[in-house]
Amino acid sequence: MLPPLSPSLKEKDGTKWMAALSGALADGEQVHSLARISSLRPLTDAIAITDRRVVAFFSGSVGTKGPLIDIPVFEIQRGEIKSRGAGRTLVVVDGAGQSQNLGTLKPVDVDFVIQQINAVARAEPPRAPTVDVYDPFTKPWTESKPASEEPDIFAAPLDPAAGLRPVDGELQPMAKVGVARAAKADRQRLVPLWKSLPAIVVAVFFGICTVAAVFDPEAGLSTAMFFGLLVLVSLLALSRARRTAMQRRAVAAGTTPVYGVFARNWLPVGIPLAVVLFIGFVALA
């Protein structure tokens, strides 16, 4: 029997997804709903909401790679939608206020997915049995503490002011969590290669053209200034992308961004210089 499907998801696709997802589910885990979602990093086209977690996966490879995004439901405070241009991005917010983008939803699926996520949000993880059975042949008798005296880190609501949040079943200082997230983020590229490579190629190519124009009497100073303008624009775009990526990474990790030379805000210097080069090119052309 299929779980509830989002309005844009056909029954035949839901049947295929359930068959592919079955190998990635834990024992006893039940799928509450399925919906379409679109994301490029990582590449996903489906989202499943179970009684234990929210997972996003690619339907064509979930049988071999498993879910690409996996969020336990007891870490979710709520789900919300952020409108960006013509798209609607699904965002999951945890107890500490940190948000994670899962992908873009179709307008007809927004209400369905938000209701399903909020229905399972803040669920408690499975607890170990509290009844201790005495076996005199394996261990000596020890009086167990009442269940009320056992500290339960999941029963108490999160207190951001105390600087604590659950990590791997234990309460950890938020500063420690932020350092761990920052270390994990440092192992990833600031700007994806498919974004930074074109700017680097353009800067190198027109940089060579600028040097050649300077030493070529027939090209003239105007040609060198034009090529230099193109080099400057590409470098400004690359530095701006790095600065924006560092800001987003710092927000996600809960730390303060530290900008290097290539990630500083060069626009106050670069824009006037670009205007000067353009005016010089027009005047000398």
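Residues numbered from 1 in each chain as written. Predicted model: local features only at pLDDT ≥ 70, side-chain atom pairs only at ≥ 80, totals over all residues. Heavy atoms only, no water.

**Q** How should I be thinking about the overall build of the protein in this particular structure?
**A** Each helix and strand counted, the protein has seven helices and nine strands in total. Within the protein, the proportion of its 285 residues that are buried is 34%. On the protein, roughly 17900 Å² of surface is accessible, and the fraction owed to carbon and sulfur atoms is 61%. (Helix = DSSP H or I, 4+ residues; strand = E, 2+ residues; numbered from the N terminus. Buried < 20%, exposed > 50% of the residue type's maximum accessible area, 1.4 Å probe, protein only. Areas by Shrake-Rupley, 256 points an atom, 1.4 Å probe, with all protein chains shown as cover.)

**Q** Looking at this model, I keep getting lost on the pattern of salt bridges. Mind explaining?
**A** Side-chain pairs of opposite charge can arise whenever the charged atoms involved come near each other. Using the criterion set out here, one finds four salt bridges in the structure. A salt bridge links Arg 53 to Asp 70; the nearest nitrogen and oxygen atoms lie 2.6 Å apart. Placement of the pair is Arg 53 in strand β3 (residues 53-57) and Asp 70 in strand β4 (residues 69-72), with a sequence separation of 17 residues. Close ionic contact of Glu 80 with Arg 78 constitutes a salt bridge, the shortest N to O distance being 3.1 Å. (Salt bridge = Lys/Arg side-chain N within 4 Å of Asp/Glu carboxyl O.)

**Q** Which parts of the structure should I look at to understand the side chain of Thr 50?
**A** Tracing the chain through its elements places Thr 50 in strand β2 (residues 43-50). Within polar-contact distance, the side chain of Thr 50 engages the side chain of Glu 29 at 2.8 Å. If sequence neighbours within four positions are ignored, Thr 50 has contacts with Leu 25, Glu 29, Gln 30, Val 31, His 32, Val 73 and Val 120. (Polar contact = N/O pair within 3.5 Å; in protein donor to acceptor, adjacent residues only side chain to side chain. Contact = heavy atoms within 4.5 Å.)

**Q** Would you take a moment to explain unusual backbone geometry for this structure?
**A** A negative phi holds for most residues other than glycine; trans holds for most peptide bonds. Of note, the amide linkage connecting Arg 41 to Pro 42 takes the cis form, showing an omega dihedral of -5°. With respect to the helices, strands and loops of the structure, Pro 42 is situated in the loop between β1 (31-40) and β2.

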